[in-house]
Amino acid sequence: MILVQGLRKSFGDVLAVGGVHLYVDPGELLVLLGQNGAGKSTSLRCMGGILRPDAGVIELDGMRLPDRLDEVRKRLGVVPDQARLYGRNTAPEYLDHFGFLYGVPQPERGRRIASLLDRFELSDRADTVLAAYSRGMAQKVALIRATLHEPDWIFCDEPTAGLDPVAAADMRHYLGEQRSRGAALIVTTHVLSEAELMADRIAIMRRGRIVVSGTLDELRESAGIGRRFMATLARGFEPSLDLRRWLRENTLEHAIEGDRLSYSLTWNTPPADRGAFAAELQRRLAVETAPYHTLEEQQTSLEAVYIDAMNEAAPVDPVSATTKPASISGIPAPKMFGSLRNQGRMMRHALPFYVSSWWRRGDLSWVVYLNAFVLLLVGGTSLFGQLPGAAGQVAQRFAGGQALQAGLLLPLFVMSFALLESIKSSICIWWEKAQQSREVLLYTPVDDPSLIWLEVLPGAVVSTVWVTLWMAAGMTLLTFFGESAPWDLLPIFAFVAVVTSYWAAMGRMLGFMLFPREGASGGAWSFLLSPVSAAVADLPLALFVFRSPFAPISLLLPITACVALTILCGATFDRERLMETGLGRTRTRRVWVPVALIRKNAVAIVAGVLLAAVPAGVAAGATAEAGLHSWSEVRGSAGLGASDATGVGYTTLTSTSTSTTPRQTSGVTAAAAALAGVVATLALMLALMIVSFAAFFLLGVPALLLLVGAAVTWGIQAGFGGSAPLQGWLAGAAGVALLALALNTGAALPIYWSLAFGSGRRLDRLREAWTSYWALYRSLVIPACVLFGLVVFRLLATG
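All values derive from a computational prediction rather than experimental measurement. (Residues numbered from 1 in each chain as written. Predicted model: local features only at pLDDT ≥ 70, side-chain atom pairs only at ≥ 80, totals over all residues. Heavy atoms only, no water.)

Colleague: Sorry if this is basic, but what is going on with the overall build of the protein here?
Modeller: A count of helices and strands for the protein gives 31 helices and 14 strands. The buried share of the protein, reckoned over its 799 residues, is 50%. Nonlocal contacts in the protein, meaning residues at least 24 apart in sequence, comprise 78% of its contacts between residues at least 6 apart. When the accessible surface of the protein is totalled, it reaches about 36,800 Å², and 61% of it is carbon and sulfur. (Helix = DSSP H or I, 4+ residues; strand = E, 2+ residues; numbered from the N terminus. Buried < 20%, exposed > 50% of the residue type's maximum accessible area, 1.4 Å probe, protein only. Contact = heavy atoms within 4.5 Å. Areas by Shrake-Rupley, 256 points an atom, 1.4 Å probe, with all protein chains shown as cover.)

Structure, rendered in structure tokens:
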């Protein structure tokens, strides 16, 4: 039995579902009717567990959501409003994949797939990729997918939309078979005639609420005045007073127009009484010489019921009468890492499925060509003894005898990044997004940790195997040409491949949680993620290539980073975020100077400024008091070098020109200065963004240390006095840059605080903190960067 009480769901300030109450017994089919935007699909998604309701109770056979959501998903089948299939797979491959996810054993899975394909006359298209299927055929495959595991509850969102009459009738017949099996079904549709044909009960929604519900007869009874009958008479006549009085006493209403007589009886009038009334009416009409020759019941149409329901006021469901669902707050770290031991069976199935789909997409072709080119480069390196041209000279200078091994870094970089760019659109969540099929995956009984590992592990395994094979091929080629191949580095290359792909995939999943709508912030996240992941993994590789004694301990850096990112991703995971799209529910007017937000974050902004001002002031005062005038004197006073004995750290430059006329700035100089100012502005904006993203993974510690260090450096420079060389640059322009860094750090402090000390739902706090950061970045940090660009322009233009 499906039971829903007081279901409410809002998206921002838009109320999508405002207090839905419904129930469906086993072996019963409930049809949900309503206008577009009435809340039908949102209600189904809440009942299916992929949207979290704001309030209300949802129980399926006594199992309440979300407490027993994993158990419910195993017994639930859903057909979304579109088929959402994988276009590069055949129907048997696709259905076998979802049969595995739903836990149907292999022998039984194959038998059911073959039987259902034959049932829907798709057996002859078993070798055709799903992209070539018509819409009706695709809907049939979607229905097979939803019922392959013989679920106890089935939700269908407009399953016959766009189908021809034959396909729609076949779909209704199959849903009837599922009802006869004992399943409870909820079907949404806009086609009223379909509702009349297949519904046991009907519920009509309006503005997020159910305004009327019941069986078809109950709805007709509520909408009409009794049972209405129409008699066609032999001729038109003027009824006698006796006939009029009898009709008035025995009917709810009646009317005689020409040769037609209509009348209404109460809904509970027994058939025998209806027959006796018809016989008496015929006798009285015969006396009037106008007997009827046809008599039929005119049933109230469902369309009339629907229109009446649309004109009714929607009932108000009090919020106090509903129950707040349990809050879901990420995945604890022990559960996240503990679930790894259960991923072996999933990987044995998912790897062949995803890789075969990836191969059919054609993504591998250009990667293979690129790797083949790099392999030829390795061969050329082995012939000439070093990298060709200037590259070889640079490698020889920095690597000495290890120039050949240093050259092997090139194929690693090319292969790892090319592979990652291909994998991210071909594995799990990213691939599901490209196929517009994430909703289908989220309904399956794959638990939350497995969803994350399904995004991460296939790519990591493929990267490791791919890179290892290509690097082994390159080293084999070196050996073939008589060079000494660094076979001891092969495990390191494999390690870097797995860490880089692991970091990138886990970071993409975190990006889904923080920026699911992929606006400017989501694009910046994706842009910055690749170089960060490469830097984390490639530093140990470089140390191993150059035989550094610090190479083994450097492996702790990528391992620690991956563990920290996994914990963070698990703590912020929320399945509902994966359902968000690039379109907001409402369009809000952007405010470039959000006074209320600045006031709310005033403490953090002031703290950021003080973190810069206090160290800078202390450093400037100490430098001036000590009488230091140059960096050589600072190093000498710190015991890091010899101090200038004369006490003068620089010589004041004097102009050799005797003219007192100010130098005129040429047009070329002004243009060059303006271009430099624009570049400086954009460079500072990007640098500050990179600092915030990089510091996010380490609780903001790097950003705070950078701010304090930059403030101390600037304070020392400012303490040298106004006559120091380039003081306008080193103290003036750098001071504006320091202000921008301080504002940027202050704007990001709520993010770091939420990570370290927050309580409650961590993901909501992080989302709010990131949203505030971007607003403050636009209103405070960007103007400071523009001011920095203007200072650079002024300094360059005036010489």
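After that view, the rundown keeps rolling.
Colleague: Sorry if this is basic, but what is going on with the sheet that holds strand β4 (residues 55–60) here?
Modeller: The pairing of strands in a sheet happens through backbone hydrogen bonds and is either parallel or antiparallel. Overall, antiparallel pairing links the four strands, which are arranged β2-β1-β4-β5 in an open sheet. The sheet is open, and its two edges are formed by β2 (14–24) and β5 (63–64), each paired on a single side. In terms of strand pairing, strand β1 (residues 2–11) meets β4 through five bridges, oriented antiparallel. Directly across from Q5, in β4, lies its bridge partner V57. (Pairing = 2+ DSSP bridges.)

Colleague: Help me out: how do you make sense of helix α4 (residues 106–119) in this one?
Modeller: Every α-helix winds through 3.6 residues per turn, so residues three or four apart in the chain are directed the same way. Helix length check: α4, at 14 residues, gives a terminal C-alpha distance of 20 Å against a target of 20 Å (1.5 Å per residue), a fit within 8%. Within the span of α4, buried status applies to R109, R112, I113, L116 and L117. An end-on view of α4 places all buried positions within 125 degrees of arc, on one side of the element. Among the exposed residues of α4, those pointing more than 90 degrees away from its buried face are P107 and D118. Those residues of α4 that are buried lie in contact with α3 (91–101), α5 (135–147) and α6 (165–181). Downstream of α4 by a residue or two, E121 has a phi angle that is positive, lying close to 60 degrees. (Expected span 1.5 Å × (residues − 1). Arc of directions from axis to C-beta.)

Colleague: I tried to follow the packing of α3 against α4 on my own but got confused; where do I start?
Modeller: At a minimum axis separation of 10 Å, α3 and α4 run at an interaxial angle of 135 degrees. As judged from the angle between their axes, α3 and α4 are oblique. For the pair α3 and α4, the crossing hand works out as right-handed. Mapping the contact onto sequence places A91, P92, L95, D96, G99 and F100 in α3 and Q106, R109, I113 and L117 in α4. For the contact of α3 with α4, a count of residues per class yields six nonpolar, two polar and two charged. (Axes fitted to C-alpha atoms, helices over the stretch in contact; angles between N-to-C directions. Parallel < 35°, antiparallel > 145°, perpendicular 65-115°, else oblique. Left-handed = near helix turned anticlockwise from the far one by under 90°. Nonpolar A, V, L, I, M, F, W, Y, C, P; charged D, E, K, R; others polar.)

Colleague: Looking at this structure, I do not really get the pattern of salt bridges. What am I missing?
Modeller: Pairing between side chains becomes possible if they bear opposite charge and their charged atoms approach one another. According to the stated counting rule, one finds 29 salt bridges in the structure shown. A salt bridge links E439 to R84, with the shortest nitrogen-to-oxygen separation between them at 4.0 Å. With E439 in helix α19 (residues 438–443) and R84 in the loop between β6 (76–79) and α3, this residue pair connects regions lying 355 residues apart in the sequence. The same class applies to E439 and to R84, which are both buried. Where E280 meets R283, a salt bridge forms, and the shortest distance between an N and an O atom there is 2.6 Å. You can see E280 and its partner R283 sitting in helix α10 (residues 271–287), three residues apart, about one turn around the helix. Taking relative accessible area as the criterion, E280 reaches 24% and is therefore assigned partly exposed. In this structure, a network of salt bridges that share partners links the residues D242, R245, E280, R283 and R284. (Salt bridge = Lys/Arg side-chain N within 4 Å of Asp/Glu carboxyl O.)

Colleague: How should I be thinking about the nonpolar core in this particular structure?
Modeller: Soluble globular proteins: nonpolar side chains tend toward being buried together. The biggest cluster of nonpolar side chains holds 167 residues, and the ones touching the most others in it are I2, I186, I204 and F696. By residue number, the principal contributor to this core is helix α30 (residues 727–757), which donates 14 residues. Counting residues in each nonpolar core, the second largest holds 16 residues, with L247, A278, L281 and A290 among its members. (Core = buried A, V, L, I, M, F, W, Y, C linked by side-chain atoms within 4.5 Å.)

Colleague: Which parts of the structure should I look at to understand the environment of Y133?
Modeller: Of note, Y133 is situated in the loop between α4 and α5. The class for Y133 is buried, based on a relative accessible area of 8%. Along the chain, Y133 and G87 lie 46 residues apart, while their C-alpha atoms are 8.8 Å from each other. Those residues in contact with Y133 that sit more than four places away from it in its chain are A91, R125, A126, T128, A138 and V141. Of the polar contacts made by the side chain of Y133, one reaches the backbone oxygen of R125; its length is 2.8 Å. (Polar contact = N/O pair within 3.5 Å; in protein donor to acceptor, adjacent residues only side chain to side chain.)

Bear in mind that shape data such as this cannot, by itself, settle questions of function.
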